[in-house]
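Here's the letter readout for the chains.
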Amino acid sequence: MIKEGYTRVSEIVGWFKAITLGSIDPGVLKRKALLGTEVHEAIAGFYEGVFVPLDQKAAPYYESFKRWSSCQEMKILKQEERYYNDSLLITGAVDMISDYHGIKHLIDFKTSATADKKAWRIQGALYTFLYGDKIDNIRFVKLDKNGKDPDIFDFVPDKQAEEDAMICLKAYRIWHH
């Protein structure tokens, strides 16, 4: 349950994507959201040692994740945790925080059809506001729908991304409140 008065990062980013992409069939969005949830639950289960059954559409994304995870030498610090920023009144569920040879990564797994680097940069900056501790790198792992190696997109948090994220947050609040 989300605390009252908080806006989810995914709502902010989703609103801007809807503006830039135009309207997408709500049924398609719902199916993609359910697919993403199913894959994220399976990934969480993987790290907890719990088998999570997947349907035919979700299974290849999970296979793509397994290809990625088999090559990683990282220490998982946090996984699938919801964070809140009380001053900005935003919240978000971060897929993973990891340490890789002293570099702290915020990792987000994606099942989207295309890489939306602009939206992901804003999402990553908003996530850094949530986490609080210093994040050295934001890594988006775009899982492949055919089970192949995922595409990796890294962003180093910087002041410009934070400023852009604040502009997006302010625009969202003006429009929605």
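Everything that follows concerns the structure shown earlier in this document.
Notes on the structure follow. From a predicted model like this one, the values you see are computed outputs, not experimental measurements.

Let us look at empty space enclosed by the protein. Applying the stated criterion across every chain, the model contains one cavity of 30 Å³ or more. Along the walls of the largest cavity sit Trp-68, Gln-72, Met-74, Ser-98, Tyr-100, His-105, Ile-107 and Arg-139, which together make up its complete lining. Only β3 (90–100) and β4 (103–110) provide two or more residues apiece to the lining of the largest cavity. Grouping the amino acids of the lining of the largest cavity by side-chain chemistry returns four nonpolar, three polar and one charged.

Right, let's get into the packing of helix α2 (residues 26–48) against helix α3 (residues 59–69). Put simply, α2 and α3 touch, their axes get as near as 10 Å, and they point 40° apart. As summarised for this structure, α2 and α3 are arranged oblique, according to the angle between their axes. Pair α2 / α3 crosses with right-handed handedness. Contact residues: α2 offers Lys-32, Leu-35, Val-39, Ala-42, Ile-43, Phe-46 and Tyr-47, while α3 offers Tyr-61, Tyr-62, Phe-65, Lys-66, Trp-68 and Ser-69. Its residues assigned to classes, the contact of α2 with α3 shows ten nonpolar, one polar and two charged.

Parameters and conventions
Residues numbered from 1 in each chain as written. Predicted model: local features only at pLDDT ≥ 70, side-chain atom pairs only at ≥ 80, totals over all residues. Heavy atoms only, no water. 1 Å grid on protein atoms, 1.4 Å probe; cavity = no way out; pocket = protein on both sides within 12 Å on 5 of 7 lines; lining within 4 Å. Points joined across faces, edges and corners; volume = space filled by probe spheres on them. Helix = DSSP H or I, 4+ residues; strand = E, 2+ residues; numbered from the N terminus. Nonpolar A, V, L, I, M, F, W, Y, C, P; charged D, E, K, R; others polar. Axes fitted to C-alpha atoms, helices over the stretch in contact; angles between N-to-C directions. Parallel < 35°, antiparallel > 145°, perpendicular 65-115°, else oblique. Left-handed = near helix turned anticlockwise from the far one by under 90°. Contact = heavy atoms within 4.5 Å.

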